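# Coordinate inspection notes
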Amino acid sequence: AAAAAAVSGDSDAAVALSGGAPPSSAPAASAAAASAAADTADWGRRAGLSIEQMARDEAFALELQRQHSMSPTSRAAFEKQREDDLKFARDLQARIEAAQLAEREALHAAAEEAMSSTVEGKSLLFVKAIHARPPTAGITPVALDDMVFMTQRFVQKLVALTKKKSPTALSIGWHWTKPASFESIRQNGLLTAGEMSKSKIKYQASGAVFGPGVYTANNPETFRGYGSICLMCVVVRGKVSMRTRAGGGGGGGGACDTVIGNKTAAVKLGHRSNEIVLKSSDQIIPVFKVTNLNKAKKLGPELLKLAQEFFADQE
């Protein structure tokens, strides 16, 4: 047949009958094969993407078929079983989520307990608690990261006072300052004149009647003439020396940690015009910047209680 085709001049037929492919049709066959392969790959991709949906559809169809073939009694039993299964699944999920939450809380509590055993961790947790309290108009935290540093120094001072068997009772102190000084306080804390000079921080000297130190008051109203910004602070006084102006202003107060003086009246603890002079900056943490004194005075006992809870083991 191939020979006959060749004799008849049908070369394409001859090639085909002899097992070959017509030369003129080879490119077309290749293109068709490539197109078919591409189509197959595309449909395969689509099928792969939708296989999960197809499985869900099939399961749904089988479920419908099963329900239609059920008697009313069987269908009611089936529905009840399905509801029970769903309830069990929801309850199980709730128990799993509760267990996961309890585990996270336990890990968090363990981490905080571990942190509270170090000066750095205790300081960080205290500042975190300060910033976590609900915002109050007219009362804002002085700093964040810098307050952690100030708190570390404060805790270390409590430890040193404890070793010396000096008093470590905490109290709330108030300090008025000028806006020009606030940024330095926010970054470095409340410093004595000597500490500022040593750190090359510019400051405006004022009359230190009761000697050098950080001047504070136990009443926010008394010394507001010293500036327009009021700071609410946590203070540790340590060993105290009581002095009057007539008793000699400008002295160092001996080996005490704090001088309490009064320029206008006899010195009595708790007097509203007392000046509480802390000998070093590590005795005080400036915590809140205050513009609403009434709200701040109400907040004072809350802040003192918080500080006592955090630093009780150092007191």
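What comes next is a walk through the structure. No experiment lies behind these values; they were computed from the predicted model shown.

Procedures and definitions
Residues numbered from 1 in each chain as written. Predicted model: local features only at pLDDT ≥ 70, side-chain atom pairs only at ≥ 80, totals over all residues. Heavy atoms only, no water. Phe/Tyr/Trp six-rings, centres within 6.5 Å; stacked < 30°, edge-to-face > 60°. Helix = DSSP H or I, 4+ residues; strand = E, 2+ residues; numbered from the N terminus. Buried < 20%, exposed > 50% of the residue type's maximum accessible area, 1.4 Å probe, protein only. Lys NZ or Arg CZ within 6 Å of the ring centre and 35° of its normal. Core = buried A, V, L, I, M, F, W, Y, C linked by side-chain atoms within 4.5 Å. Contact = heavy atoms within 4.5 Å. Pairing = 2+ DSSP bridges. Axes fitted to C-alpha atoms, helices over the stretch in contact; angles between N-to-C directions. Salt bridge = Lys/Arg side-chain N within 4 Å of Asp/Glu carboxyl O. Expected span 1.5 Å × (residues − 1). Bend = angle between axes of the 7 residues up to and from the residue. Polar contact = N/O pair within 3.5 Å; in protein donor to acceptor, adjacent residues only side chain to side chain. Parallel < 35°, antiparallel > 145°, perpendicular 65-115°, else oblique. Left-handed = near helix turned anticlockwise from the far one by under 90°. Patch = residues over 30% accessible without salt bridge, like charges linked within 9 Å, V, L, I, M, F, W, Y side chains within 5 Å. Areas by Shrake-Rupley, 256 points an atom, 1.4 Å probe, with all protein chains shown as cover.

All right, on to the packing of aromatic side chains then. Scanning all chains against the criterion turns up five aromatic pairs. Between the aromatic rings of phenylalanine 154 and phenylalanine 311, the centroid separation amounts to 5.8 Å while the plane-to-plane angle is 55 degrees, which identifies the pairing as tilted. Here phenylalanine 154, found in helix 6 (residues 145–163), pairs with phenylalanine 311, found in helix 9 (residues 293–311); they are 157 residues apart in sequence, far enough to count as distant. Under the relative-accessibility criterion, phenylalanine 154 is labelled buried at 0%. On the basis of an interplanar angle of 55 degrees and a centroid distance of 6.5 Å, the ring pair of phenylalanine 310 and phenylalanine 311 is categorised as tilted. Grouping aromatic residues by their ring pairs yields a cluster made of Phe126, Phe154, Phe310 and Phe311. A cation over a ring is seen here: lysine 289 above phenylalanine 182, with NZ or CZ 4.7 Å from the ring centre.

Membership of the largest hydrophobic core comes to 45 residues, with the highest contact counts inside it found for Met232 and Phe288. Contributions of two or more residues to this core are made by helix 5 (119–132), helix 6, strand 2 (170–177), helix 7 (179–188), strand 4 (229–236), strand 7 (275–278), strand 8 (284–290) and helix 9. If near-sequence neighbours (up to four positions away) are discounted, methionine 232 is found in contact with Ile172, Gly173, Trp174, Ile285, Pro286, Val287, Phe288, Val290, Ala296, Leu299, Gly300 and Leu303. Formed by six residues, the second largest nonpolar core is a distinct cluster that contains Val209, Cys256, Val259 and Val277.

What follows is about unusual backbone geometry. Within the chain, lysine 165 stands out as a residue other than glycine whose phi angle is a positive 60 degrees. In this structure, lysine 165 sits in the loop between helix 6 and strand 2. A residue is classified by how much of its surface remains accessible, and lysine 165, at 76% relative accessible area, is exposed.

Attention now goes to the sheet that holds strand 6 (residues 258–262). One open sheet accounts for four strands, arranged 3-7-6-5; its pairing is mixed. Every interior strand has two partners, whereas the edge strands, strand 3 (214–216) and strand 5 (240–244), have only one. Going from strand to strand, the sheet's axes swing by 25 degrees on average, the running direction of each strand aside.

Should the charged atoms of two oppositely charged side chains come close, the side chains can pair. Scanning the model with the defined rule gives eight salt bridges in all. Between glutamate 302 and arginine 133 there is a salt bridge, with its nearest N and O atoms 3.9 Å apart. In this pair, glutamate 302 sits in helix 9 while arginine 133 sits in the loop between helix 5 and strand 1 (139–141), placing the two residues 169 residues apart along the sequence. On the accessibility criterion, glutamate 302 (47% relative accessible area) is partly exposed. We classify arginine 133 as buried; its relative accessible area is 19%. Two residues, lysine 164 and aspartate 257, come together in a salt bridge whose shortest N-O distance is 3.8 Å. One end of the pair, lysine 164, is in the loop between helix 6 and strand 2; the other, aspartate 257, is in the loop between strand 5 and strand 6, with 93 residues separating them in the sequence. The exposed category is assigned to lysine 164, whose relative accessible area is 51%.

Before going further, it helps to spend a moment on helix 9. One turn of the α-helix equals 3.6 residues, which is why residues spaced by three or four share an orientation. Between the first and last C-alpha of helix 9 there are 26 Å, a value that for 19 residues agrees with the 27 Å anticipated at 1.5 Å per step. By the largest-angle criterion, leucine 299 marks the main kink of helix 9, which is about 35 degrees, and a proline, proline 301, follows within four residues. Restricting attention to buried positions, one finds in helix 9 the residues Leu293, Ala296, Leu299, Gly300, Leu303, Leu306, Ala307 and Phe311. Close packing links the buried residues of helix 9 with helix 5, strand 1, helix 6, strand 2, strand 4 and strand 8. Its side-chain oxygen placed 3.3 Å from the backbone nitrogen of asparagine 294, asparagine 292 serves as the N-cap of helix 9.

Quick look at the packing of helix 5 against helix 6 now. Helix-helix packing is characterised by the crossing angle of the two axes and by the distance between the axes. The N-to-C vectors of helix 5 and helix 6 enclose an angle of 125 degrees; their axes lie 8 Å apart at closest approach. If you check the angle between helix 5 and helix 6, you find them oblique. Between helix 5 and helix 6 lies a crossing of right-handed hand. Counting all contacts with helix 5, which are made through Val119, Glu120, Lys122, Ser123, Leu124, Phe126 and Val127, the residues of helix 6 involved are Met147, Val148, Thr151, Gln152, Val155 and Gln156.

Looking now at a nonpolar patch on the surface. A cluster of nonpolar side chains, Phe88, Leu92 and Ile96, forms an exposed patch at the surface whose accessible area comes to about 270 Å². Within the fold, phenylalanine 88 resides in helix 4 (residues 72–115). Taking the relative accessible area as the measure of exposure, phenylalanine 88 reaches 53% and is therefore exposed.

A separate point is the environment of leucine 231. Mapped onto the fold, leucine 231 is located in strand 4. For the pair leucine 231 and leucine 190, spaced 41 residues apart in sequence, the C-alpha to C-alpha distance is 9.9 Å. Setting aside anything within four residues of it in sequence, one finds leucine 231 in contact with Val142, Gly173, Trp174, His175, Thr177, Phe182, Ile185, Leu190, Pro286, Phe288 and Lys289.

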